[in-house]
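The chain contents come next:
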Amino acid sequence: MDRTLFLNERPGLSVRRDGPSLWIDQPGLAGRRVPVRLIRRVLIAGNVSLDTESLTVFAERGVPVTLIGRNGQPVAMVVSCASSLFVRRGLQIGAIEHPPVRERIASWLRAWERGRRLALATDLDSVTAARWRRHGMRTLEYEQWVQRLGRLCGATLRQRRLFHAAVDTLILDRITETGWDPHVGVIHRGESLGFVKDCAMAIRADADRLWLEQGRLADRSDVALSFDVAKSFEQHRSHLVRLLSRLLDQYGELLREP
């Protein structure tokens, strides 16, 4: 199984390790046992009582954990420090130290970013998409456009940040699963989780697509909204995984080109 565990702050919620499982207590509900082997990534929004044994078992299994503030902004990402996870790190380091390869990868990432933005605009606003194809598109223009659509459909920025955090966590999971080092970025070179940020930049528009599709739910409570974000993310996760697989496959091919 391949599940995302989404824990949202609520009074009395507590999570602790119980052997090979997590035990989740919520006031007014029967306790729930979740086998750790079913969990591939974790998002924790707000103040959730979680014992260190639970964090330890996630690290031991290479399960990335994203901590999200009350405004929906990711605060930190926790991943195992075991060097054996990053078996392809040497290939990454060698490539980014070679300027022509580094520039080729940076151009490829920007092309992905532009392509995913155009795909979103083509589906939602063909006039804008046609203009961007003719005259180019700046990041500021894209941000103004997507936020305008968000306001029109009643979506909140907190909701957008939650979708971004969910996709970023999936990216970290796929990067470590395939043996790349999440810190060895190209555009975000020298930054913590630089490669995660590179990949997130490339497919950010796909997280925005989920956000805009769920905009009508923005007037719900924080707990209900977080549940709907998690549900929508899980429904679209297989598509995102295929997209990331293609991205990472192409990345590996570029690193090996002479």
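Preceding this section is the structure that the text describes.
Caption draft 1: Structural view of helix H5 (residues 139-152). Counted at 1.5 Å a residue, the expected span for H5 with its 14 residues is 20 Å, and the 20 Å between its end C-alpha atoms agrees. Residues of H5 that are buried: Tyr142, Trp145, Val146, Leu149 and Gly150. The buried side chains of H5 occupy one side of the element, clustering within an arc of 135° when seen end-on. For H5, the exposed residues lying more than 90 degrees away from the buried face are Arg151 and Leu152. On its buried face, H5 is in contact with helix H3 (99-124), helix H4 (126-135), helix H6 (157-177) and helix H7 (194-213). Residue Gly154 follows H5 closely and has a positive phi angle near 80°.

Caption draft 2: Representation of the packing of aromatic side chains in the model. Counting across every chain of the model gives six aromatic pairs. Where Tyr142 meets Trp145, the ring centres are 5.9 Å apart and the plane angle is 45°; that geometry is what we call tilted. Here Trp145 and Tyr142 lie together in helix H5, a separation of three residues that amounts to about one turn. Taking the relative accessible area as the measure of exposure, Trp145 reaches 4% and is therefore buried. Taken together through their ring pairs, the aromatic side chains of Trp108, Trp180, Phe195 and Tyr251 make up a single cluster. The ring of Trp180 is capped by Arg88, whose NZ or CZ atom sits 4.7 Å from the centre of that ring.

Caption draft 3: Up close: the nonpolar core. One finds Ile105, Trp108, Tyr142, Trp145, Ile171, Ile175 and Ile203 to be the most contacted residues of the largest nonpolar core, which totals 60 residues. Ignoring any residue separated from it by four or fewer positions in sequence, one finds Ile105 in contact with Val186, Tyr251, Leu254 and Leu255. With 17 residues, the next largest nonpolar core counts Leu13, Val34, Val36 and Ile39 among its residues.

How each quantity is defined
Residues numbered from 1 in each chain as written. Predicted model: local features only at pLDDT ≥ 70, side-chain atom pairs only at ≥ 80, totals over all residues. Heavy atoms only, no water. Helix = DSSP H or I, 4+ residues; strand = E, 2+ residues; numbered from the N terminus. Expected span 1.5 Å × (residues − 1). Buried < 20%, exposed > 50% of the residue type's maximum accessible area, 1.4 Å probe, protein only. Arc of directions from axis to C-beta. Contact = heavy atoms within 4.5 Å. Phe/Tyr/Trp six-rings, centres within 6.5 Å; stacked < 30°, edge-to-face > 60°. Lys NZ or Arg CZ within 6 Å of the ring centre and 35° of its normal. Core = buried A, V, L, I, M, F, W, Y, C linked by side-chain atoms within 4.5 Å.

None of this, on its own, says anything about what the molecule does.
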